[in-house]
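Inside the fold
In case you want the letters, here they are:
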Amino acid sequence: MSEAHAPSARTRVVREAHRGVYDRATANEILDEGFICHVGFVVDTQPFVIPTAYGRVGDNLYLHGSAASRMLRHLDKGIPVCMTVTLLDGLVLARSIFNHSMNYRSVVVLGTAVAVLDAEEKLEALKALSEHILPGRWAQSRQPNERELKQTLVMRLPIEEFSAKVRHGPPIDDEEDYSFRTWAGVIPLQMVPGAPENDPRLDPKTQVPVYASTFSRKAR
């Protein structure tokens with residue numbers, strides 16, 4: 001069942017408020033389908049927005065990278081962060097240029113990230129990041145060694161202050177424009193995986209795993 005969530009003044013959708021969605025199930029569904037998030041933060045009055053991979057475990061998001069990463073080093077100081085994920089589902093072509101739009105699903109999460117210091121949680125977070133991108137890959141890959149773990153910083157961002165925004169359906173024109181003789185409708189968009197390509201140095205006897213040959217984000 002969906003868990004109701006009361007948006008804060010900062011996360012309440014203002015523009016096109018009817019598209020705001022505040023239940024955790026919808027937010028999780030969007031987060032689980034996306035690959036890349038954009039992390040916004042400010043350092044010495046300079047705003048930065050950095051694209052990066054992420055993973056979700058329950059009500060927490062995990063980010064990771066080099067311990068020398070500027071973004072992660074600043075997040076580790078406890079500065080406020082804004083993380084967004086957007087899925088583009090279609091181009092919406094109206095009769096009027098003014099009313100052209102896009103069908104999309106997005107999530108905004110505000111909060112403060114903290115470094116994961118517990119070794120077991122850190123390893124589980126890295127596994128979650130791997131499984132988020134390609135389920136089944138973690139078990140068939142070499143696990144991180146002690147040196148690699150020391151070189152990696154993992155940050156946990158609680159999904160507490162958040163909102164989703166969704167637009168779907170046909171174009172919405174002004175009534176007087178419906179008689180304008182031009183095509184109107186939606187061009188659906190989706191990410192479609194191609195056939196796996198072998199590493200040139202791969203042992204030719206190695207078979208492509210099922211999770212790679214049948215990969216589909218929608219099937220998750």
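Note: the structure precedes this text.
These notes cover the structure that comes with them. Residue numbers run consecutively from 1 along every chain, following the written order of its sequence. Selection of residues for local features in this predicted model requires a pLDDT of at least 70, selection of side-chain atom pairs for listing and counting requires 80 or more, and totals for whole chains, interfaces and linings are taken over all residues. Hydrogens and water molecules were not included; the side-chain quantities draw on all heavy atoms of the structure.

One side chain can pair with another of opposite charge once the charged atoms of both are near each other. Counted as salt bridges are all cases of a side-chain nitrogen of Lys or Arg within 4 Å of a carboxyl oxygen of Asp or Glu. On inspection of all chains with the given rule, the structure shows 10 salt bridges. Its salt-bridge partner being Arg15, residue Glu16 comes within 3.8 Å of it at the nearest N-O pair. Burial status follows relative accessibility: with a 1.4 Å probe on protein chains alone, a residue under 20% of its type maximum counts as buried, one over 50% as exposed, and anything between as partly exposed. Residue classification places Glu16 among the partly exposed residues on the basis of a relative accessible area of 26%. Arg95 is the salt-bridge partner of Asp173, the closest N and O atoms lying 2.9 Å from each other.

With that out of the way, let us pick up the nonpolar core. Remark: nonpolar core denotes a set of buried residues (Ala, Val, Leu, Ile, Met, Phe, Trp, Tyr, Cys) joined through side-chain atoms within 4.5 Å. In terms of nonpolar packing, the biggest core is built from 31 residues, with Leu31, Val39, Phe41, Leu61, Leu75, Met83 and Val109 touching the most fellow members. Only heavy atoms matter for contacts: two residues are in contact if any of them lie within 4.5 Å across the pair. Once you skip the residues sitting within four places of it in the chain, Leu61 turns out to touch Leu31, Tyr54, Gly55, Arg56, Met83, Val109, Met155, Arg156, Leu157 and Ile159. Grouped together as the second largest cluster of nonpolar side chains are 7 residues, Tyr62, Ala125, Trp138 and Val154 included.

Another point: helix 1 (residues 24-33). Note that an α-helix has 3.6 residues per turn; residues three or four places apart therefore point the same way. Helix numbers and strand numbers start at the N terminus; a helix is a DSSP run of H or I with at least 4 residues, a strand a run of E with at least 2. Here helix 1 has its buried residues at Arg24, Ala27, Asn28, Ile30, Leu31 and Glu33. Its buried side turned inward, helix 1 meets strand 4 (55-57), strand 5 (60-66), strand 6 (81-93), strand 7 (101-111), helix 3 (119-133) and strand 10 (161-167). What qualifies as a polar contact is a pair of N or O atoms within 3.5 Å, subject to a donor-acceptor requirement within protein and to the restriction that residues adjacent in sequence count only when both atoms come from side chains. Where helix 1 starts, the residue carrying a side-chain oxygen 3.3 Å from the main-chain nitrogen of Ala25 turns out to be Asp23.

Positionally, Ser96 belongs in the loop between strand 6 and strand 7. For Ser96, the side chain forms a polar contact with the main-chain nitrogen of Phe98, separated by 3.1 Å. Excluding residues within four positions of it along the chain, Ser96 makes contact with Asp173 and Asp177.

Residue position: Gly40 is located in strand 2 (residues 36-43). Separated by 76 residues in the primary sequence, Gly40 and Val116 have C-alpha atoms spaced 20 Å apart. Ignoring sequence-local partners within four residues, the contact set of Gly40 consists of Phe48, Val49, Pro80, Val81 and Cys82.

Strands pair in a sheet through their backbones, by hydrogen bonds, and they do so in one of two ways: parallel or antiparallel. Taken together, 4 strands build an open sheet; the order of strands is 4-5-9-8 and the sheet is antiparallel. Two strands close off the open sheet at either side, each with one partner strand: strand 4 and strand 8 (114-115). Along the sheet, helix 3 makes contact with strand 4, strand 5 and strand 9 (152-158), crossing strand 9 at roughly 80°. A pair of strands is considered paired only if DSSP assigns at least 2 bridges between the two. The axes used here are C-alpha line fits, helices contributing only the stretch in contact, and every angle between their N-to-C directions lies in the interval 0 to 180 degrees.

Turning our eyes to something else, we now look at the environment of Leu72. You can see Leu72 is positioned in helix 2 (residues 70-75). A C-alpha to C-alpha distance of 8.1 Å links Leu72 and Val154, two positions 82 residues apart in sequence. Filtering out sequence-adjacent residues up to four positions away, Leu72 remains in contact with Leu63, His64, Gly65, Ser66, Leu153 and Met155.

The next thing to look at is a nonpolar patch on the surface. Like-charged residues are merged into a patch within 9 Å and nonpolar side chains (Val, Leu, Ile, Met, Phe, Trp, Tyr) within 5 Å, provided each residue has over 30% relative accessible area and no salt bridge. Method for areas: the Shrake-Rupley scheme with a 1.4 Å probe, in which residue coverage is limited to the protein chains shown. On the surface, a cluster of nonpolar side chains totalling about 480 Å² of accessible area is made up of Leu88, Met102, Trp183, Ile187 and Leu189. Following the sequence through the fold, Trp183 ends up in the loop between strand 10 and strand 11 (185-188).

Helix span is expected to be 1.5 Å times the residue number reduced by one. Helix length check: helix 3 (15 residues) gives 22 Å between terminal C-alpha atoms against 21 Å at 1.5 Å per residue, within 8%. Looking at the buried side of helix 3, the elements it contacts are helix 1, strand 3 (46-53), strand 4, strand 5, helix 4 (146-150) and strand 9.

Our focus in this paragraph is the pairing of strand 7. Counting buried positions over the 11 residues of strand 7 gives 8, a clear majority of the element. In the sheet, strand 6 pairs with strand 7 via 11 bridges, with the strands oriented antiparallel. Paired with Val92 across the two strands is Ser101, which belongs to strand 7. Bridge analysis of strand 7 against strand 10 gives 7 bridges, and the strand direction is antiparallel. Paired with Val109 across the strands is Phe162, a residue of strand 10.

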